[in-house]
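As a plain string of letters, each chain reads:
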Amino acid sequence: MKLIPYGHQLVDNNDIKAVVKVLKSNWITQGPTIKDFENTLCKYSGAKYALAVSSGTAALHIACLAAGLQSGNEVITSPITFLATANSVLYCNAKPVFADVQEDTVNIDPVEIRKKITKKTKAIIPVDFAGNLCDLENIYSIAKEHDFIVIEDAAHALGAENKGLKTGSCKYSDMTIFSFHPVKSVTTGEGGAVLTNRKDLYNKLIMLRSHGITKEGFMNKADGEWYYEMQLLGYNYRMTDIQAALGISQLKKLDSFVLRRREIAGIYNKAFRDNPYFDITSENKIKGSAHHLYVIRLKKEYWKRKNEIFLKMRKSGLGVQVHYAPVYLQPYYKKLGFKRGLCPLAEDFYRSAISIPLYPALKDVEIKYVIKNIFKVFKEI
Ligand SMILES: *Cc1c(COP(=O)(O)O)cnc(C)c1O
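By convention here, each chain's residues receive numbers from 1 onward along its written sequence. In view of the model being predicted, local features appear only for residues whose pLDDT reaches at least 70, and side-chain atom pairs are presented and counted only at 80 or more, with totals across whole chains, interfaces and linings using the full set of residues. To obtain the side-chain values, all non-hydrogen atoms of the structure were used and water was disregarded.

**Looking at the overall build of the protein chain**
So the rule is basically this: Each helix corresponds to a stretch of at least 4 residues labelled H or I by DSSP, and each strand to a stretch of at least 2 residues labelled E; elements are numbered beginning at the N terminus. With the radius of gyration taken over C-alpha atoms, the globule rule is written as 2.2 Å times the number of residues to the power 0.38. The rule is simple: take the accessible area with a 1.4 Å probe, protein chains only, and divide by the maximum for that residue type; under 20% is buried, over 50% is exposed, in between is partly exposed. Any two residues whose heavy atoms approach within 4.5 Å at even a single point are treated as in contact. The convention is simple: Lys and Arg are positive, Asp and Glu are negative, and His and the chain ends are not counted. Throughout, a charge is located at the NZ atom of Lys, the CZ atom of Arg, the CG atom of Asp or the CD atom of Glu.
Broken down by element type, the protein chain carries 13 helices and 16 strands. Expected size for 381 residues packed as a compact globule is a radius of gyration near 21 Å; at 21 Å, the protein chain falls within 12% of this value. Structurally, the protein chain occupies a C-alpha span of about 80 × 55 × 40 Å along its principal axes. By residue count, 57% of the 381 residues in the protein chain fall in the buried class. Residue pairs at least 24 apart in sequence account for 72% of intrachain contacts in the protein chain once pairs closer than 6 positions are excluded. Charge centroids of the protein chain, computed over 54 positive and 38 negative side chains, lie 4 Å from each other.

In structure tokens:
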């Protein structure tokens, strides 16, 4: 058997047809399919505005800029995330401040957020780890007490819901970002989006996506009809219509993808219950999760042997991964002055965590194979 990856896209013939249709049309970028994709995202999530961009990282970057982040500002975020979350703060010359996670959900702990607030704090970026929503209501109320901006990094969580609210509704965030990388809930190859209910932020985001250019508003039309104006330093973070067509087609299947992920998580939960080697952590069991990852956490006596276990799993055909080492332990962040010991629960999580295969296209025989081989690895060591 070849390596079963930890995550994988599911692209079918309808997706391919949708892409071909755009390729044969007049607009392969900057055309009407982008708007259709954005409208579909709004309809799905309940947000007023959606802006499609070239990646989740681009989405985070322009969300941080729209929030007004600059040198001298601090942004509180989770250490257990992909690098892009904290990097986007650095792009704006602001300082990421890491607040420790909750032991059970691995999401940023609102109690720890409060401890990290200073006069310089300007924003909070909570991350919905593994597809399971943060305590956003609580985080948002902390933010509003202090007039902070909340940018929800929901790269893992498209399709998740809580109390009838879909991720991206922005009820408890100023902006929510998604990624459409192939391992995420739905894919556009590369791609991302920023959602918001705030018109002021949306207007800024539109400009930041495309060179800071606007054709609307208070500009001087004296030159003539061709006139456009650059009002701030933007980027080319546009998505193509080719990608947007794939995105629209994929979104049609989002709910069925999430259902399949939930079903697989349920099978794992049952198979792994009360085993002597590792814990099936609560983030795998939370209702409404988008189940982006299935993380097992080694019992403490196995922490020292994690690499041996990891390698044996790989050898038996499981494309296991580790999500994530605390961001601040990366050499680049250490050079900025961050030190081991900053977030003890995040560091313990890293010592124990292994992500095992979970994606909608995973077949029943493959699920059985994964379960059988995981137990085999532990029995052999
Ligand atoms: C994937 C991911 C991103 C970045 O998305 P890209 O589309 O790969 O740029 C940001 N944050 C988290 C938590 C992610 O998992």
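**Some words on the site of the ligand**
For the record, the criterion: Near residues are defined by distance, with any heavy atom within 4 Å of the molecule or strand qualifying the residue. Polar contacts, as counted here, are pairs of nitrogen or oxygen atoms within 3.5 Å of one another; within protein the pair requires one atom able to donate a hydrogen and one able to accept it, and residues that are adjacent in sequence qualify only if both atoms are side-chain atoms. Computed with the Shrake-Rupley method and a 1.4 Å probe, the accessible areas treat only the protein chains shown as cover for residues. In this count, Pro and Cys sit with the nonpolar residues alongside Ala, Val, Leu, Ile, Met, Phe, Trp and Tyr, while Asp, Glu, Lys and Arg are called charged and the others, Gly among them, polar.
What surrounds the ligand is a group of 16 residues, the closest being Gly56, Thr57, Asp153, Ser179 and Lys184. Contact distances for the ligand include 2.8 Å between an oxygen atom and a backbone N or O atom of Gly56. Within the side chain of Thr57, an N or O atom sits 2.5 Å from an oxygen atom of the ligand. Computed on the free molecule, the ligand has an accessible area of 380 Å², of which 93% lies beneath the protein chains in the complex. Elements with a contribution of two residues or more to the shell around the ligand: helix H3 (56-66) and helix H4 (83-91). When residues in the shell around the ligand are grouped by element, the largest group, three residues, is from H3. Here the shell around the ligand is built from residues that sort into six nonpolar, eight polar and two charged.

**Remarks on the sheet that holds strand S3 (residues 74-77)**
Convention followed: Two strands are said to pair when DSSP picks up at least two bridges between them. Note on definitions: angles span 0 to 180 degrees between N-to-C directions of axes, and those axes are lines fitted to C-alpha atoms, for helices only across the stretch in contact.
Strand order across the open sheet formed by seven strands is S2-S10-S9-S6-S5-S3-S4, with mixed pairing between neighbours. Among the strands making up the open sheet, the edge pair consists of strand S2 (49-53) and strand S4 (95-98). Between one strand axis and the next, the sheet turns by 25° as a mean value, whatever way the strands run. Pairing between S2 and strand S10 (residues 192-196): five bridges, direction antiparallel. Of the residues in S10, the one forming a bridge with Ala50 is Leu195. Here H3 sits on the sheet and contacts S2, strand S5 (121-125), strand S6 (149-153), strand S9 (175-179) and S10; the angle it forms with S9, its principal contact strand, is near 165°. Contacts from helix H7 (residues 199-209) reach S2, S9 and S10, with the element oriented near 15° to S2.

**Some details on the packing of aromatic side chains**
Applied cut-off: Two rings from Phe, Tyr or Trp (for Trp, the six-membered ring) form a pair when their centres are within 6.5 Å of each other. A pair whose planes differ by under 30 degrees is stacked, one over 60 is edge-to-face, and the rest are tilted.
Scanning the model with the defined rule gives 21 aromatic pairs in all. Between Phe37 and Phe180 the ring centres are 5.4 Å apart and the planes differ by 65°, which places this aromatic pair in the edge-to-face class. With Phe37 in helix H2 (residues 32-45) and Phe180 in the loop between S9 and S10, this residue pair connects regions lying 143 residues apart in the sequence. A residue is classified by how much of its surface remains accessible, and Phe37, at 0% relative accessible area, is buried. With relative accessibility at 0%, the residue Phe180 sits in the buried group. With a centroid separation of 5.7 Å and 70° between ring planes, the pair formed by Phe272 and Phe375 is classed as edge-to-face.

**Concerning the domain arrangement of the protein chain**
Our working definition: Domain boundaries shown here were taken from an automatic or database domain assignment. Note on terms: buried area is the combined drop in 1.4 Å-probe accessible area of two parts once they are placed together, counting the loss on both. The term salt bridge refers to a side-chain nitrogen of Lys or Arg lying within 4 Å of a carboxyl oxygen of Asp or Glu.
By domain assignment, the protein chain separates into domain 1 (4-251) and domain 2 (254-380). Here the C-alpha centroids of domain 1 and domain 2 sit 26 Å apart. Taken together, the contact between domain 1 and domain 2 spans 42 residues of the former and 49 residues of the latter. Taken together, the two surfaces of domain 1 and domain 2 that pack against each other cover about 3,700 Å², and 65% of this comes from carbon and sulfur. It is Ile4, Tyr6 and Phe98 in domain 1 that bury the most area against domain 2; as a group they hold 22% of the surface buried on that side. Our enumeration of links across domain 1 and domain 2 arrives at one salt bridge. Applying the counting criterion to the domain 1 and domain 2 interface returns 19 residue pairs in polar contact (both at pLDDT 80 or more). Here the side of domain 1 that touches domain 2 gets four residues from one element, more than from any other, and that element is H4.

**Focus: the side chain of Thr121**
Within the fold, Thr121 resides in strand S5. What makes Thr121 buried here is its relative accessible area of 8%. Here the side chain of Thr121 touches Thr118 through a polar contact of 2.9 Å, landing on its backbone nitrogen. In this view, Thr121 contacts Glu74, Ile76, Lys116 and Phe148; residues no more than four positions away in its chain are not counted.

**Some thoughts on the state of the cysteines**
Cysteine pairs can be covalently joined through their sulfur atoms, and such a bond is termed a disulfide. Keep this limit in mind: Cysteine sulfur atoms that come within 2.5 Å of each other are treated as a disulfide pair.
Enumeration according to the criterion identifies zero disulfides in this entry. The cysteine Cys42 is free of any disulfide, with Cys170 supplying the nearest cysteine sulfur at 9.0 Å. Taking relative accessible area as the criterion, Cys42 reaches 12% and is therefore assigned buried. Between Cys92, a cysteine without a disulfide, and Cys64, which holds the nearest cysteine sulfur, the sulfur-to-sulfur distance is 4.9 Å. Residue classification places Cys92 among the buried residues on the basis of a relative accessible area of 5%.

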